[in-house]
Amino acid sequence: MSSIEKLLIQGIRCYGPGEDQRVLVPFKTPLTVVFGANGTGKTTLIECLKYVTTGDMPPNSKGGAFVHDPNIAKEREVKAQVKLKFKDIAKRPITCSRSIQSTQKVVGGVKKLETKTIDTSMEKVGEDGQKRKITSRCAEVDVEMTRHLGVSKAVLNNVIFCHQEESNWPLSEGKALKTKFDEIFASTRYTKALENVRKFQQEQNQECKVFKVDMVHLQRQKEKATELKADLSETQDKVKESQTSVSYIDSQLKPIEENLQKLDDTRTEFLKKENAIAELRGGKQQLEKDLHQLQENIGHPVTANLDEVMQSCKDLKLQLEMEERDLQESEILIKQMESEKRELNENRDRLLKQQGRLRSRAEDNQQSIKDRDNLVTSLS
């Protein structure tokens, strides 16, 4: 709870503007009684308390009547000051000062008083023990005062420091009375708070509707994600099976490739033997041609003696036997090679068919691997 300690008044109403005329009023706890004759400044104390705490002038202060009259002070202008020292609701000492000036001017031959606030400041001690001063230039001093006093401005104006000319406000008409009570009990703030709560509730309900729609959508996405995870797991199992099949096929392709290499080697060997057969047939034809030529030569008269002829016949016979033997061997070799050729052709045809089937299976396997990779990419 806050408490007032001292009040300094200078240049307000009956209190003079001089340094020696300033008045310091101490306040006792729990009660301070002010008494005196009429015109001694009792009401001015309440007005000063109201002014320094709320910043509001008293109701009868129009035309500068709140400040000491410059005519009485025989001055063109009078500077006044109200300073209050109090403890806030946290028992921290605070000093609030308000300075005001009243100037006497002549406008159109008529003297007129002009009143304006010169300075408003507040000095308080921080948690570190250092004094800090704030002014109306950097902060709303009226708001700070009500915050430190722990009392609203309406309570200060209408209850605690209520001016005697306004003390009959409980007897005012209904609408004005309701307005006063609303200000005192902050029912307007309560109504605004209810309106804010209602508005916040509507916004939250609207957000809840949006969240429900989003929740349904997210639930569907979750179910879809679960299905995709299941599909992904199944696909991964299929990929593993495909990899196992690929490994098995690769293991089967290896001996087939070796057989194909052997077939290529056999084919090369077959071509060599085929060329050898062709050479033997050419040799046979040449021998037949030589034999035919020899027979033609024998048909001519022989001029050599009998021994030479016999020897030539023996040589020719031996040569002919050798040629016939070579020819028979060549024919046997040709038959063997033709038989091997047929077997090699049959093996080649069988291996080519097997090669075609394996290549087809390899292409199918590669396509399966490609489809698997595409499916894994789309799922990720």
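Values in this document were obtained by computation on a predicted structure and should not be read as measured data.

**Q** Give a description of the sheet that holds strand β6 (residues 131–135) that names residues and reports values.
**A** In space, the six strands of this open sheet follow the order β2-β1-β3-β4-β5-β6, with antiparallel pairing throughout. At either end of the open sheet lies a strand with only one pairing partner, and these are β2 (23–26) and β6. Recorded for the sheet is a direction-independent mean angle of 15 degrees between the axes of neighbouring strands. Relative to strand β4 (residues 93–107), helix α1 (residues 42–54) is tilted by about 105 degrees, and along the sheet it contacts β1 (3–10), β2, β3 (77–87), β4 and β5 (110–125). Across the sheet, helix α3 (residues 141–149) is in contact with β3, β4, β5 and β6; its angle to β5 comes to roughly 50 degrees.

**Q** An account of the packing of α1 against helix α4 (residues 153–160) is requested, with residue identities and associated values reported.
**A** The geometry of α1 relative to α4 is characterised by a closest axis approach of 10 Å and an angle of 175 degrees between their N-to-C directions. As judged from the angle between their axes, α1 and α4 are roughly antiparallel. Listed contacts from α4 to Lys50, Thr53 and Thr54 of α1 are Lys153, Leu156 and Asn157. Partitioning the contact of α1 with α4 into residue classes produces one nonpolar, three polar and two charged.

**Q** Please give an account of the side chain of His68 that cites residues and values.
**A** Of note, His68 is situated in the loop between α1 and α2 (70–73). A relative accessible area of 10% places His68 in the buried class. For His68, the side chain forms a polar contact with the main-chain oxygen of Arg13, separated by 2.6 Å. The residues touching His68, leaving out its near neighbours within four places in the chain, are Gly11, Ile12, Arg13, Cys14, Tyr15, Gly16, Pro17, Ala73 and Val78.

So, how was this worked out
- Residue numbers here run from 1 along each chain, matching the order of that chain's written sequence.
- Only residues with pLDDT of 70 or above have their local features reported here, since the model is predicted, and side-chain atom pairs are shown and tallied only from 80 upward, although totals for entire chains, interfaces and linings are computed over all residues.
- Side-chain numbers here rest on the full set of heavy atoms in the structure, without hydrogens or water.
- Pairing between strands is defined by DSSP: at least two bridges between them are needed.
- Only DSSP runs of H or I reaching four residues or more are called helices, and only runs of E reaching two or more are called strands; each is numbered from the N terminus.
- Between N-to-C directions, angles span 0 to 180 degrees; the directions come from axes that are lines fitted to C-alpha atoms, helices contributing only their stretch in contact.
- What makes two residues a contact is simply this: any of their non-hydrogen atoms within 4.5 Å.
- The labels follow the angle: roughly parallel below 35 degrees, roughly antiparallel above 145, roughly perpendicular from 65 to 115, and oblique for the rest.
- Under the scheme applied, nonpolar residues are Ala, Val, Leu, Ile, Met, Phe, Trp, Tyr, Cys and Pro; charged residues are Asp, Glu, Lys and Arg; polar residues are all the others, including Gly.
- Residue burial is assigned from relative accessible area. The probe radius is 1.4 Å, only protein chains are included, and a residue is buried under 20% of its type maximum, exposed over 50%, and partly exposed in between.
- In protein, a polar contact requires one atom able to donate a hydrogen and another able to accept it; more generally it is a pair of N or O atoms within 3.5 Å, and residues adjacent in sequence count only if both atoms are side-chain atoms.

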